[in-house]
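# Report on the structure
Each chain, written out:
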Amino acid sequence: MAPFNSLLVLLFLCIATCLDGDAQDVYMRNPLPVAPTLAGNYGELRPNHFHAGLDLKTGGREGLEVMSVDDGHVSRIKISPYGYGKALYIDHANGTTTVYGHLQGFSLEITRYVKEYQQKQKSFEVDIYPGASELPVKAGQVVAISGNTGGSGGPHLHFEVRETRTEVPRNPLVMGFHIEDTKAPIIDAIGIAPIDFGSTVERNTKTFRTRVVGNSVNASQPIDVQGSFGIELNAYDSQNGSYNHNGIYQAELNVDGVSVALFTADSIPFSKSRHLNSLIDYGYYYQKRQRFIRLYREPGNQLPNLQYENAGRLDLPTGLHTIEVIARDLAGNANRVLFEVNVLDKSNDQRPEEAAMLEWNVPYFYESENCKLFLPAHTVYSSIPLDIEQNTLGDIPIVHIFDPLIPVQEAFELKIKVPEAMRVPGALIAQTNNAGRPSRALMSSVDGEWIRAESRDFGSFTLVVDDRPPSISMVNFSSSRIWESGLIKFIVKDNFSGVHTYNAYLGGQWVLMEYEPKQDLLFIDVNDLPRSETPQLLKLEISDMAGNVATFEGTLMHP
């Protein structure tokens, strides 16, 4: 086994850990008025993606001033109930774009700009691209207020640094953002995975997992292996002032002193981020909610931040071998685990005749009387046996598409023929849970006798009818109340398919309404309403994914 360039690895680490934060603080200064501590770091393993920036703590509260880290101009403003919530993008002259997410709101100037656009578009959700001269900003200028909007699990500021030209997010700690860090990463557990027919670990075909104690595994050594195998690790990192289990920056695998695999958390394009599901043992995560990073590559894994000799697959000569796994951070702290494996002679078992396969890099089309299925190339990361079944509950088709423990990269298309009795408004495709009950509605469309949807999860699918509109409940509204200021609040819920659109009208004119799905909350800022000396009719229209519409009417005065 030849080493890939270990000298380059060491040189890269030296450059990365020796970056002078002060030399780059022109655009890497702290965007908050409090000392930076991390709730999450770049490259952290999240559901279906890598974390693309730093989550900066705000003391568990909203309302902190957010400052531009350098001179530039606002290049994008995106507002959504999901994802980054209220987010601001600022382009800088050095070719970087900084992103500020989960904001409560913007500066007065930016707020006026946004609300004018929302009124024109008649939409709370907007994606705006201001021109270079429209909203210039200076380094240290307050541009926003920190919050908890979108997919945030608590108040904090999401901060990113992207290459403007490519939009590839970079690790801010590589770019000179300084965080005090004297803590070494922690390796909690090691996995040894058989990855070929006839391969075993401790005479078992399942992945062997063992906790780590100190710098060694909590298992008898040497560990017997047979055939090709790969190494996995479960690890986390923390920084000073924080006890969050954040992601590790780098993991390296050495075999008998030779470097054979390297994972580095930097420069992961958004287009490749979902390939995280191939980097981790997805099936184990799905069942146990623990992520083991694979230091070997599946054929469909396109992550660019991985370096391997022989794709990290270990096919070693018979006898004893020393395995070393190293976890590093950018501050130069490191932790390592050493253990021995005993490679046995390969099995002489005959490989069974292979079943029909879904090839990972070839599209596949399936059609029956009640089902049509199209899986594009790269739907999966490695070839798997075909496993598609159909049955019915009464006359309602049920389609079983592979095992939900298998991750999906590219969305696949599913069409199910609709029985006569279900050809009614509100019919859609839903995924079912282990008990066979519909659990997740898919955005569906009618195509003649068929209903069509796309999914990025395998499992079982069926047809359901959602004919119940959302519910609208008043929180603090009462008809004919005189409103001088404040927020008019409503609770909106849907029984299954979920809130899809929401609009408010006062006196027949569209008015701005915000939606916060984490709290099922819709609210109107009274200051955004036109004034009138007479009562006006307030009307809400809320629709779900199945097209059901709920309305609410009441009167108010805003003199």
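Residues numbered from 1 in each chain as written. Predicted model: local features only at pLDDT ≥ 70, side-chain atom pairs only at ≥ 80, totals over all residues. Heavy atoms only, no water.

### Considerations on the overall build of the chain
Counting secondary structure elements, the chain contains five helices and 46 strands. Scaling as 2.2 N^0.38, a compact globule of 559 residues should have a C-alpha radius of gyration of about 24 Å, and the chain matches this with 27 Å. Its C-alpha atoms give the chain principal-axis dimensions of about 90 × 70 × 35 Å. For the chain, buried positions account for 51% of its 559 residues. Across the chain, the fraction of contacts at a sequence separation of at least 24, relative to all contacts at a separation of at least 6, is 69%. Accessible surface, the chain as shown: approximately 25200 Å² in total, 49% of it carbon and sulfur. For the chain, the separation between the mean place of its 47 positive charges and that of its 67 negative charges on side chains is 3 Å. (Helix = DSSP H or I, 4+ residues; strand = E, 2+ residues; numbered from the N terminus. Rg over C-alpha atoms; globule rule 2.2 N^0.38 Å. Buried < 20%, exposed > 50% of the residue type's maximum accessible area, 1.4 Å probe, protein only. Contact = heavy atoms within 4.5 Å. Areas by Shrake-Rupley, 256 points an atom, 1.4 Å probe, with all protein chains shown as cover. Lys, Arg positive; Asp, Glu negative; His and termini not counted. Charge placed at Lys NZ, Arg CZ, Asp CG, Glu CD.)

### Re the sheet that holds strand E14 (residues 186-194)
As summarised here, the arrangement of the five strands in space is E17-E16-E14-E19-E22, forming an open sheet in which the pairing is antiparallel. Edge positions in the sheet fall to strand E17 (216-217) and strand E22 (293-294), since each has one partner strand and no second. Sheet analysis places E14 next to strand E16 (residues 208-213), joined by four bridges and oriented antiparallel. In the strand pairing of E16, Ile192 is matched with Phe208. (Pairing = 2+ DSSP bridges.)

### Points about the pattern of salt bridges
A pair can form between side chains of opposite charge whenever their charged atoms are brought close. Going through the model one piece at a time under the given rule, you end up with 29 salt bridges. Among the ionic pairs, Glu514 bridges to Lys86, the shortest N-O distance being 3.2 Å. With Glu514 in strand E43 (residues 514-516) and Lys86 in strand E7 (residues 86-91), the pair connects residues that are 428 residues apart, well separated along the chain. In this pair, the class of Glu514 matches that of Lys86, namely buried. The partner of Arg440 in a salt bridge is Asp457, and the shortest N-O contact between them spans 3.7 Å. (Salt bridge = Lys/Arg side-chain N within 4 Å of Asp/Glu carboxyl O.)

### Observations regarding the pairing of strand E36 (residues 450-457)
Where strand E32 (residues 407-417) and E36 come together, seven bridges link them in antiparallel fashion. Each bridged residue has a counterpart across the sheet, and for Phe412 the counterpart in E36 is Ser455. Between strand E35 (residues 444-447) and E36, which follow one another and run antiparallel, lie two residues, and Gly448 among them has a positive phi close to 65°.

### Here we look at the sheet that holds strand E28 (residues 371-375)
Reading across the sheet, the five strands line up as E27-E28-E32-E36-E35 and stay open at both edges, with antiparallel pairing between neighbours. Two strands lie at the open edges of the sheet, namely strand E27 (364-367) and E35, each paired on one side alone. For this sheet, the mean inter-axis angle between neighbouring strands, taken without regard to orientation, is 20°. Summarising the sheet, E35 and E36 pair through four bridges and their orientation is antiparallel. Across the sheet, the residue bridging to Ser445 is Arg452, located in E36. (Axes fitted to C-alpha atoms, helices over the stretch in contact; angles between N-to-C directions.)

### As for the nonpolar core
Ile77, Leu88, Tyr100, Phe106, Ile110, Ile488 and Leu540 are the most contacted members of the largest nonpolar core, which totals 56 residues. Not counting the four nearest positions on each side in its chain, Leu540 is found in contact with Ile472, Phe490, Asn503, Ala504, Met513, Ile524, Ala550, Thr551 and Phe552. Residues Val212, Leu233, Leu276 and Val343 belong to the second largest nonpolar core, which totals 45 residues. (Core = buried A, V, L, I, M, F, W, Y, C linked by side-chain atoms within 4.5 Å.)

### Describing the packing of aromatic side chains
For the structure shown, the criterion picks out 12 aromatic pairs. Ring geometry for Phe50 versus Phe263: centroids 6.3 Å apart, planes at 20°, classification stacked. Here the residue Phe50 occupies a position in strand E3 (residues 49-50), and Phe263 occupies one in strand E21 (residues 258-264), the gap between them amounting to 213 residues. Since its relative accessible area comes to 1%, Phe263 is described here as buried. Measuring from ring centre to ring centre gives 4.9 Å for Phe402 and Phe458, while their planes differ by 40°; the resulting arrangement is tilted. With a gap of 56 residues between them, Phe402 in the loop between strand E31 (396-401) and E32 and Phe458 in the loop between E36 and strand E37 (459-465) connect regions that are remote in the sequence. (Phe/Tyr/Trp six-rings, centres within 6.5 Å; stacked < 30°, edge-to-face > 60°.)

### Thoughts on the side chain of Thr264
Inspection of the secondary structure puts Thr264 in strand E21. A residue is classified by how much of its surface remains accessible, and Thr264, at 9% relative accessible area, is buried. Here the side chain of Thr264 touches Gln250 through a polar contact of 2.8 Å, side chain to side chain. (Polar contact = N/O pair within 3.5 Å; in protein donor to acceptor, adjacent residues only side chain to side chain.)

### A short note on helix H3 (residues 108-121)
End to end, H3 covers 20 Å across 14 residues, agreeing with the expected 20 Å (1.5 Å per residue, within 8%). Of the positions making up H3, those classed as buried are Ile110, Val114 and Gln118. Seen from one end, H3 has its buried residues packed into an arc of 65°, which puts them on one side. Exposed and oriented more than 90 degrees from the buried face of H3 are Leu108, Arg112 and Lys120. Within two residues after H3, Lys122 carries a phi angle of roughly 55°, on the positive side. (Expected span 1.5 Å × (residues − 1). Arc of directions from axis to C-beta.)

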